[in-house]
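What follows is the residue order along each chain.
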Amino acid sequence: MRKLDLYNQLKQEQYKMDIEALRWRIWAVKSDDEKTQADYDSIAERDESEAMGIFKACNAVLGDYTGKLNDESVALLDKYIEMRTQYRKLKAEVA
């Protein structure tokens, strides 16, 4: 496996975990029940922790290497940015 392929594979997994964490955060904001919100937030924290672990693994294995993201990685990054914007707007509306 080439470095670029490994880099993209790790970045895709990281973005998938970040997206899943944002889904849980959005559900927490939309929930009316405080216990449910806390449950969703704890799941989001777990997913964020997993994403950070993947990021650290990427850095440990590849060091300072930064390759070009392939189309699938870019699509996941775009989805993450879109969901992050949606989450911030939703959170601002609720506050």
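All values reported here derive from a predicted model rather than from experimental measurement.

Cut-offs and rules
Residues numbered from 1 in each chain as written. Predicted model: local features only at pLDDT ≥ 70, side-chain atom pairs only at ≥ 80, totals over all residues. Heavy atoms only, no water. Helix = DSSP H or I, 4+ residues; strand = E, 2+ residues; numbered from the N terminus. Buried < 20%, exposed > 50% of the residue type's maximum accessible area, 1.4 Å probe, protein only. Contact = heavy atoms within 4.5 Å. Salt bridge = Lys/Arg side-chain N within 4 Å of Asp/Glu carboxyl O.

### Concerning the environment of V29
Point 1. In this structure, V29 sits in helix 1 (residues 3-30).
Point 2. Look at V29 and you get buried, because its relative accessible area is 17%.
Point 3. For the pair V29 and G63, spaced 34 residues apart in the sequence, the C-alpha separation amounts to 37 Å.
Point 4. Setting aside anything within four residues of it in sequence, one finds V29 in contact with Q37, Y87, L90, K91 and V94.

### Re the pattern of salt bridges
Point 1. Summed over the entire model, instances satisfying the criterion amount to eight salt bridges.
Point 2. A salt bridge links K16 to E13; its shortest N-O distance comes to 3.5 Å. Taken as a pair, K16 and E13 lie in helix 1 at a separation of three residues, close to a single helical turn.
Point 3. Taking the relative accessible area as the measure of exposure, K16 reaches 37% and is therefore partly exposed.
Point 4. With a shortest N-O distance of 3.1 Å, D41 and R25 are connected by a salt bridge. Placement of the pair is D41 in helix 2 (residues 34-62) and R25 in helix 1, with a sequence separation of 16 residues.
Point 5. The partly exposed category is assigned to D41, whose relative accessible area is 25%.
Point 6. Overlapping salt bridges, with partners in common, bring together R25, D41 and E48 in one network.

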